[in-house]
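In case you want the letters, here they are:
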Amino acid sequence: MVDKLILSEDEWRRRLSAEEFAVLRQHGTERAWTGCFVGTKSAGTYVCAGCGHPLFRSGEKFESGTGWPSFTRPITADALSERVDRSYGMVRTEVLCARCDGHLGHVFPDGPAPTGMRFCINSVSMRHVPEGEPISLVTA
Ligand code: FE
């Protein structure tokens, strides 16, 4: 079980940049190829930009050609939560941070082996913690 971080909309607005708020709290999407993690290969852990919750490992990042950072699986089974997103006339599976419910991106069943999954994630929803550095959770 993940210990939830629940903050008011005002508090999120105060803590996040305008871009982070638009994506994490308002289900926005950064434009393709504009995110800072599209091409990065540095070893480490990608954590939620809202709450610091570990989401993905660099070893499971792959080049999808989509213009968004893409991963084959989350760092742990309970790192993410998912829900059906019927916006824009599509049925997609939205991926959220399991701790703060921040919007991360979507998951599609067209990824590489071994999982066959492609977690398509906004750079602005994440921070990169280099290998060996401590991961600290944001608290209320
Ligand atoms: Fe989070």
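Residues numbered from 1 in each chain as written. Predicted model: local features only at pLDDT ≥ 70, side-chain atom pairs only at ≥ 80, totals over all residues. Heavy atoms only, no water.

S.K.: Quick question: what am I supposed to make of the pattern of salt bridges here?
M.R.: Side-chain pairs of opposite charge can arise where the charged atoms are in close proximity. Taken as a whole, this structure holds 10 salt bridges when the rule is applied. For Asp101, the salt bridge is made with Lys4, and the minimal N-O distance between the two is 2.8 Å. Remark: Lys4 occurs in the segment before helix H1 (9-15) and Asp101 occurs in the loop between strand E6 (92-97) and strand E7 (103-108); sequence separation between them is 97 residues. On the basis of relative accessible area, Lys4 is assigned to the partly exposed category, the value being 43%. Between Arg73 and Glu60 there is a salt bridge; the shortest N-O distance is 3.5 Å. (Salt bridge = Lys/Arg side-chain N within 4 Å of Asp/Glu carboxyl O. Helix = DSSP H or I, 4+ residues; strand = E, 2+ residues; numbered from the N terminus. Buried < 20%, exposed > 50% of the residue type's maximum accessible area, 1.4 Å probe, protein only.)

S.K.: What should I look at first to understand the coordination of the iron ion in this one?
M.R.: Perfect tetrahedral coordination of a metal by four donors corresponds to 109.5 degrees between them, and perfect octahedral coordination by six donors corresponds to 90 or 180 degrees. Looking at the iron ion, the protein donor atoms are Cys48 (SG), Cys51 (SG), Cys97 (SG) and Cys100 (SG), and they sit 2.3 Å from it. Seen from the iron ion, its four donor atoms lie at angles of 99 to 116°, and the figure they make is tetrahedral. Between the donor residues of the iron ion, the gaps in sequence give the motif C-x2-C-x45-C-x2-C. Taken together, the positions of Cys48 in strand E1 (residues 44-48) and Cys97 in strand E6 put the pair 49 residues apart, joining distant regions of the chain. (Donors = N, O, S within 2.8 Å, 3.2 Å for Na, K, Ca; no water. Tetrahedral: all angles 85-135°; square planar, octahedral: opposite > 155°, others 65-115°.)

S.K.: Just checking my understanding: could you explain the layout of surface pockets for this structure?
M.R.: Any empty space left between the atoms is revealed when a probe the size of a water molecule rolls over them. For the largest pocket, the calculated volume is near 160 Å³. Around the largest pocket sit 14 residues that line it, and Cys48, Gly52, Arg127, Ser136 and Val138 are the ones nearest its centre. Among the secondary structure elements, those contributing two or more residues to the lining of the largest pocket are E1 and strand E9 (126-130). Counted by class, the lining of the largest pocket contains nine nonpolar, three polar and two charged residues. (1 Å grid on protein atoms, 1.4 Å probe; cavity = no way out; pocket = protein on both sides within 12 Å on 5 of 7 lines; lining within 4 Å. Points joined across faces, edges and corners; volume = space filled by probe spheres on them. Nonpolar A, V, L, I, M, F, W, Y, C, P; charged D, E, K, R; others polar.)

S.K.: Whenever I open this one, the pairing of strand E8 (residues 118-121) confuses me. Can you help?
M.R.: Because side chains alternate across E8, one face comprises the buried residues Arg118 and Cys120, and the other comprises Phe119 and Ile121, equally buried. Both strand E4 (residues 70-71) and E8 contribute to a ladder of two bridges, which runs antiparallel. Looking at E8, one finds that Ser70 is bridged to Cys120. Bridge analysis of E7 against E8 gives four bridges, and the strand direction is antiparallel. Directly across from Phe108, in E8, lies its bridge partner Arg118. (Pairing = 2+ DSSP bridges.)

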